[in-house]
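# Structural description and commentary
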Amino acid sequence: MKDYKIVEDPIISRVEDIDFSGSYTYADYFKWEFDERLEIIKGKIFNMSPAPGSIHQRVSGIVFNNIFNYLKGKPCEVFSAPFDVRLYRTSKADEQIKTVLQPDLCVICDPSKVDLRGCIGAPDIVVEILSKGNNKKELKNKYEVYEEFGVKEYWIIHPEEKTFFKYILNEEGKFVPSRLLTIGDEVATEVLPGFVLSLEDVFADR
């Protein structure tokens with residue numbers, strides 16, 4: 001009888017060694033050992049934008065702090081990137097998960113979805129803060145998967161244009177857009193009753 005050796009997939013330590021035309025799962029993603037941040041959308045790899053600049057970070061911090069302070073003593077939690085959100089169809093097995101995203105912020109109200117590696121399943125709210133590095137194709141694909149996997153609200157903040165846009169999931173599982181909000185408007189959400197975010201504060205010049 002011949003001896004068969006089990007050959008494990010090699011650990012990839014350089015992003016240059018990845019075949020971007022291939023299809024990947026969270027099991028692959030979990031083995032990568034490099035500093036560059038990547039996301040997987042339906043098996044395809046997307047480079048994330050360069051490190052966020054000061055305006056992006058300032059807006060992210062203001063929104064995070066407002067949500068965090070509101071959530072004190074409440075069951076929901078807010079998390080900021082880098083934080084893996086794994087979206088799955090039927091199986092939670094690493095080898096079956098083909099979408100792994102790192103939204104700028106996300107709110108999760110089901111504690112069973114939070115584990116040591118991030119979030120498994122759809123957050124209640126996802127917040128993406130746009131920057132010059134955002135890829136239109138990437139944003140389109142994210143919109144599609146957030147809708148498909150049941151994210152209740154998808155917020156898009158544009159710091160340079162000082163605008164806020166929200167998609168709300170309806171009973172048919174389709175996103176319905178809000179009107180475009182800007183300085184002088186306030187953001188409320190059915191996910192967090194009583195929460196109010198002032199865009200005057202979010203977009204205030206420093």
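Along every chain, residues carry numbers that run from 1 in the direction the sequence is written. The predicted origin of the model limits local features to residues at a pLDDT of at least 70 and limits the giving and counting of side-chain atom pairs to 80 or more, whereas totals for whole chains, interfaces and linings rest on all residues. To obtain the side-chain values, all non-hydrogen atoms of the structure were used and water was disregarded.

### A closer look at the state of the cysteines
- Cysteine sulfur atoms are paired as a disulfide whenever they fall within 2.5 Å. The tally for this structure, following the rule as stated, stands at 1 disulfide.
- The disulfide partner of Cys 76 is Cys 109, and the gap between their sulfur atoms is 2.0 Å. Handedness here is read from the sign of the S-S torsion; for Cys 76 and Cys 109, about 105°, the answer is right-handed. In this pair, Cys 76 is assigned in the loop between α2 (54-70) and β3 (77-80) and Cys 109 in the loop between β6 (105-108) and β7 (114-115), connecting sequence segments 33 residues apart.
- Whether a residue is buried, partly exposed or exposed follows from its accessible area with a 1.4 Å probe, protein chains only, as a fraction of its type maximum: under 20%, in between, or over 50%, in that order. Judged by relative accessible area, Cys 76 falls into the buried class, the value being 12%.
- Of the residues examined, Cys 109 reaches a relative accessible area of 22% and is grouped as partly exposed.
- Of the cysteine sulfurs around Cys 106, a residue in no disulfide, the closest is that of Cys 119, at 5.9 Å. Secondary structure elements are defined from DSSP: runs of H or I of at least 4 residues count as helices, runs of E of at least 2 residues count as strands, and each element is numbered from the N terminus.

### So, the side chain of His 56
- When you line up the elements, His 56 lands in helix α2.
- For His 56, a relative accessible area of 8% gives the class buried.
- Polar contact is the term for a pair of N or O atoms within 3.5 Å; when the atoms are in protein, one must be able to donate a hydrogen and the other to accept it, and sequence-neighboring residues count only if both atoms are side-chain atoms. Among the polar contacts made by the side chain of His 56, one reaches the main-chain carbonyl oxygen of Ile 129 at a distance of 3.3 Å.
- For His 56, the residues in contact, after removing those within four places along its chain, are Asp 104, Ile 129, Leu 130 and Ser 131. Contacts: residue pairs with any heavy atoms within 4.5 Å of one another.

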